[in-house]
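As a plain string of letters, each chain reads:
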Amino acid sequence: MEILLGIWEFFQNNILTKPQFFIGFIVFVGYALLRKPIYECIAGFIKAVVGYMILMVASSGLVGNFRPVLVGLKDRFDLSAAVIDPYFGQAAAQMSVENIGRSFSMMMMVLLIAFAINILLVLFRKYTKIRTLFITGHVMVQQSSTALWLVLFCFPNLQDPGVVLMLGVLLGTYWSVASNLTVEPVAKLTEGGGFATGHQQMFGIFLVSKLAKRIGNPQKSLENLKLPGFLSIFNENMVATGILMTIFFGAIITILGADLMHQIDKGFSPKQNFAFYIVEKSFNFAVYLTILQLGVRTFVSELTNSFQGISEKLLPGSMPAVDCAATYGFGHPNAVTFGFLFGAFGQFLAILGLIVFQSPILIISGFVPLFFDNATFAVFANRLGGVRAAAILPFCSGIIQVLGGAFAAYYFTTGNFGGWHGNFDWDTLWPAIGVIMNYFQYVGVAIVVVLLLLIPQIIYYRNKDTYFLIAEDYDAYKEVLAKKQGVPVDQVVVD
Amino acid sequence: MLKVIAACGSGMGSSQIIKMKLSKVFKKLGIDADVYHTNVGDAKSQANNYDVVFCSASLEGQFAGTKAKVIGLKNLLSEQEMTEKIEAADLK
């Protein structure tokens, strides 16, 4: 017995509570179960562990680079600040979790349980009406991280198994229900492309697809617009982050002044020119983000591969819910740029608002929500509401992202580590879930899960005859519509 | 061995999806290929060392002037579209 306990303790201290080895261990076991040769299991193990360790280096680099600026803002204006971006949010969530002495390995267990819940809900789709399986690995990691901090924030005394189990159910329900909501909009956009969106703005896509046709006119599409060519440089992550960060941190550090920065940042040598210091500091964010993404890419590709395998084996007929960028090929290239641009207008306006109305927290635009959320919204909006909708909806989304993000970073205290998740669903739905959990505790969690599960039921009862058809056979779906509208199939109107 | 890059905006989600589907299609067509997935910036700087680049149709313009063949995909998950485009480009 004592030996067994000893083994368990060894396992707990060296693997279970060390996220890098825990992830490596899971990949190794997963590959072994798939009967891959031992050398591939070892390669997978190494890639997962090293990938995670790269991520840890980058996270602390990101937060460390930010710290002098945060200290300066606190000193001079009694302000805190957060970049609204899932990578910054993930780093801030990890720091918050470790700061209260809890193990971040729970993130990975939450992810696995949530994925299992999603599988179960699809397996029993006859009753649950869930058609989609969420397989976007890097997003699952980011969301598990942020949600883990939310639960620890609301239930500081809950033990690890309780945290993991409860959050696994909650997050798995969200993944299932929210990605399931995108089935109709995505199928109509892609004319039966065979996938749904599993990303960070799924409720947003649903809202946009409901609002766009009321706002604009699909005849006035943005395909006829000519956008300035220089905007295409924002297609490159590194360039876009470099530019964004230089604008924001340039402004902030200039206001804080060279004297104060010399006092708080040892890395600012007296010989260095202030302008070059600012540029170096700003570009450092691009450096750490690039490293972070390399880390995530390395260990997540192992994960996504096995998820895809599981979904094909276990769940034939289920729809994969994938990255939002998979829809971009179905919109005009203008739509992507247009959404980004108007999202940026909205965000900048809202940030000015925060400053004017003296908000206790300052928000800095992060590239991922700014670009990917708003570009996605514009692609969907343009199809149903043309230029007008593709401008207005991303603009509104930009404003919501900043205000929701500011609230969340302040309320859930991740502003102390300079970040919040920042994508649309995490500026709207999830802060609301967090507040409900905080006030109503376990009852709140139960209410949220039940309400979420009701959504697919409602949609099902409104379109009983086509609900599964649109996901399984789009041509047959169009035939049913044609019959209802009394026109030939090629004239059918899909709204 | 055919050297292939799959590229997307952040090099995370979509390119990974392209890679998974492509590997399957190449296997079916009996083409020996090695697929690497990454972001657009990285792909641009490395494209000349590869035979062919696959990306979303919306990103095709980013690769103007590269020596590698560039194939833009409308549906990143459609094995049929990939097969057609691979055959049209006569990749081996």
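Residues numbered from 1 in each chain as written. Chains lettered and ligands numbered in written order. Predicted model: local features only at pLDDT ≥ 70, side-chain atom pairs only at ≥ 80, totals over all residues.

**What about the sheet that holds strand E3 (residues 196-197) of chain A?**
Residue and element names in this part refer to chain A. One open sheet holds the three strands; their spatial order is E2-E4-E3, and the pairing between them is parallel. The sheet is open, and its two borders are formed by strand E2 (132-134) and E3, each paired with just one other strand. Looking at chain direction, E2 and strand E4 (residues 319-322) are connected through three bridges and run parallel. Within E4, the residue paired with Thr132 across the bridge is Met319. (Pairing = 2+ DSSP bridges. Helix = DSSP H or I, 4+ residues; strand = E, 2+ residues; numbered from the N terminus.)

**A short note on the pairing of E4 of chain A**
All names here are of chain A. Along E4, one buried face is formed by Met319 and Ala321 and the opposite face, lined by Pro320 and Val322, is buried too. The sheet contact formed by E3 and E4 spans two bridges and is parallel. Along E4, the bridge assignment pairs Ala196 with Ala321. (Buried ≥ 20, exposed ≤ 12 C-beta atoms within 10 Å, placed from the backbone.)

**Describing the environment of Val27 of chain A**
Residues and elements named next belong to chain A. By secondary structure assignment, the location of Val27 is in helix H2 (residues 19-33). By the C-beta count within 10 Å, which is 24 here, Val27 ends up buried. Expressed as a C-alpha distance, the spacing of Val27 and Lys47, which sit 20 residues apart in the sequence, is 9.4 Å.

**What about the packing of helix H8 (residues 160-181) of chain A against helix H10 (residues 202-215) of chain A?**
Residue and element names in this part refer to chain A. One can describe the packing of H8 onto H10 by two numbers: an axis separation of 8 Å at closest approach and a directional angle of 25°. Judged by the inter-axis angle, H8 sits roughly parallel to H10. As for how H8 packs across H10, the hand of that crossing is left-handed. Here H8 contributes Ala178, Ser179 and Leu181 to the contact with H10, which in turn contributes Met202, Phe203 and Phe206. The residue makeup of the contact of H8 with H10, split by class, is five nonpolar, one polar and no charged. (Axes fitted to C-alpha atoms, helices over the stretch in contact; angles between N-to-C directions. Parallel < 35°, antiparallel > 145°, perpendicular 65-115°, else oblique. Left-handed = near helix turned anticlockwise from the far one by under 90°. Contact = placed C-beta atoms within 7 Å. Nonpolar A, V, L, I, M, F, W, Y, C, P; charged D, E, K, R; others polar.)

**Section: the interface of chain B and chain A**
Across the contact, 23 residues belong to chain B and 28 residues belong to chain A. Taken together, the elements giving at least two residues each to the side of chain B that touches chain A come down to helix H1 (14-29) and helix H2 (40-46) of chain B. Among the residues forming the side of chain B that touches chain A, the class breakdown is 10 nonpolar, 12 polar and one charged.

**Concerning the domain arrangement of chain A**
All names here are of chain A. Here chain A is described as being made up of domain 1 (2-462) and domain 2 (468-495). Between domain 1 and domain 2, the C-alpha centre-to-centre distance is 35 Å. The interface of domain 1 with domain 2 comprises 11 residues on the first partner and eight residues on the second. Residue composition of the side of domain 1 that touches domain 2, grouped by class: four nonpolar, two polar and five charged. (Domains from an automatic or database assignment.)

**Focus on the nonpolar core**
With 182 residues, the main nonpolar core has Val110, Leu148, Ala381 and Ala390 of chain A together with Val53 and Phe54 of chain B as its most contacted residues. The dominant element in this core, judged by the number of residues it contributes, is helix H15 (residues 367-411) of chain A, at 22 residues. Each of two domains, domain 1 (2-462) and domain 2 (468-495) of chain A, supplies a minimum of three residues to this core. (Core = buried A, V, L, I, M, F, W, Y, C linked by C-beta atoms within 7 Å.)

**Let's talk about the packing of helix H14 (residues 333-356) of chain A against H15 of chain A**
Each pair of packed helices can be described by the angle between their axes along with the distance between the axes. Residues and elements named next belong to chain A. For the pair H14 and H15, the least separation of the axes is 7 Å and the interaxial angle reads 30°. If you check the angle between H14 and H15, you find them roughly parallel. Crossing hand, H14 versus H15: right-handed.

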